[in-house]
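# Tertiary structure, described
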Amino acid sequence: MGAGDTSKHLMELKYRSFDPKHPEADVKNHVYATVDVKINTINLNIFMQPLLRMVDFLTGQLLPSLRGDVVPQYTPLPKLDHDVAKQNLDNPMFMDMHVFMESPIINLRPLPDSTEYIKVKLGDLTVKSSRIKS
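Notes on the structure in this doc start here. Note that the structure is predicted; figures quoted are calculated from it, not measured. Residue positions are given per chain, counting from 1 as you read along its sequence in written order. pLDDT decides what is reported in this predicted model: residues at 70 or higher carry local features, side-chain atom pairs at 80 or more are listed and counted, and totals for whole chains, interfaces and linings draw on all residues regardless. Excluding hydrogens and water, the side-chain values take into account all heavy atoms of the structure.

For the rest of this paragraph, the subject is the overall build of the protein chain. Along the backbone of the protein chain there are two helices and eight strands. For the protein chain, the residues scored as buried account for 18% of the 134 residues in total. Residues count as neighbours in contact if any of their non-hydrogen atoms are within 4.5 Å of one another. At a minimum sequence separation of 6, the contacts of the protein chain that also span at least 24 residues come to 66%. With residues, only the protein chains shown are counted as cover, and all accessible areas are computed by Shrake-Rupley using a 1.4 Å probe. Surface exposure of the protein chain reaches about 10600 Å², of which carbon and sulfur atoms provide 59%. Each helix corresponds to a stretch of at least 4 residues labelled H or I by DSSP, and each strand to a stretch of at least 2 residues labelled E; elements are numbered beginning at the N terminus. Think of it in three bands: residues with accessible area under 20% of the maximum for their type are buried, residues over 50% are exposed, and the middle band is partly exposed, with areas taken using a 1.4 Å probe on protein chains only.

This part takes up the nonpolar core. One finds Y15, A33, V35, V37, I39, I42, L44, L63, M101 and I106 forming the largest nonpolar core, which totals 10 residues. Within the residue set of this core, elements represented by two or more residues are strand 3 (31-39) and strand 4 (42-46). The greatest single-element share of this core, amounting to four residues, is contributed by strand 3. We define the nonpolar core as a collection of buried residues of types Ala, Val, Leu, Ile, Met, Phe, Trp, Tyr and Cys that are connected through side-chain atoms lying within 4.5 Å of one another.

Bringing the sheet that holds strand 3 into the picture now. Read across the open sheet, the four strands follow the order 2-3-5-8; overall the sheet is mixed. The open sheet is flanked by strand 2 (11-17) and strand 8 (125-128), the only strands paired with a single partner. Pairwise comparison of adjacent strand axes, ignoring direction, gives a mean angle of 5° for this sheet. The sheet contact formed by strand 3 and strand 5 (residues 94-101) spans eight bridges and is parallel. Note on strand 5: the bridge partner recorded for A33 is M95. Two strands are counted as paired when DSSP detects at least two bridges linking them. Between N-to-C directions, angles cover 0 to 180 degrees, with each direction set by a line fitted to C-alpha atoms, over the stretch in contact for helices.

Another aspect to go through is the environment of D19. Topologically, D19 is positioned in the loop between strand 2 and strand 3. C-alpha separation for the pair D19 and Y32, spaced 13 residues apart in sequence, amounts to 6.7 Å. Polar contacts, as counted here, are pairs of nitrogen or oxygen atoms within 3.5 Å of one another; within protein the pair requires one atom able to donate a hydrogen and one able to accept it, and residues that are adjacent in sequence qualify only if both atoms are side-chain atoms. Among the polar contacts made by the side chain of D19, one reaches the main-chain amide nitrogen of K21 at a distance of 2.9 Å.

This next bit is on the environment of M11. The topology assignment puts M11 in strand 2. Along the chain, M11 and I39 lie 28 residues apart, while their C-alpha atoms are 4.5 Å from each other. Setting aside residues up to four positions removed in sequence, M11 forms contacts with V37, K38 and I39.

This part takes up the side chain of T41. Mapped onto the elements, T41 comes out in the loop between strand 3 and strand 4. Residue classification places T41 among the buried residues on the basis of a relative accessible area of 19%. At 3.1 Å, the side chain of T41 and the backbone oxygen of E102 are in polar contact.

Right, let's talk about unusual backbone geometry for a bit. If you check the backbone angles, S103 has positive phi at about 40° while not being a glycine. If you trace the backbone, S103 turns up in the loop between strand 5 and strand 6 (105-108). The exposure class assigned to S103 is partly exposed, which follows from its relative accessible area of 29%.

Moving on to the pairing of strand 3. Alignment of strand 2 against strand 3, held across seven bridges, turns out to be antiparallel. Paired with S17 across the strands is A33, a residue of strand 3.

As structure tokens, then:
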């Protein structure tokens with residue numbers, strides 16, 4: 001992986017977590033955290049296993065560690081009564097996510113030292129989360 005423009009930061013990350021009583025918290029939709037990610041132009045050499053390891057790290061380690069109120073996995077959770085459990089399942093807490101990637105270039109190589117490969121130039125990509133309540 002390499003930066004397309006070395007004068008810019010490769011990635012800009014903005015993470016905000018709100019107390020439910022904070023005025024910027026979206027109490028109606030139960031959104032108490034936001035993450036905005038901007039990835040500037042990058043050149044990627046893709047091999048599936050390393051890519052999946054990065055995704056696992058970001059979703060399983062990095063994002064949860066940014067939240068200060070995350071309960072460690074080894075701590076036993078208190079038992080909830082039926083009404084509290086039903087309320088949490090009916091109205092779970094969510095995180096708004098907005099990811100913008102500026103014109104990534106992906107090189108698909110069968111082997112790291114291959115001279116023949118496929119180069120895919122993607123336009124700007126945007127990924128946003130949304131909550132659809134059925």
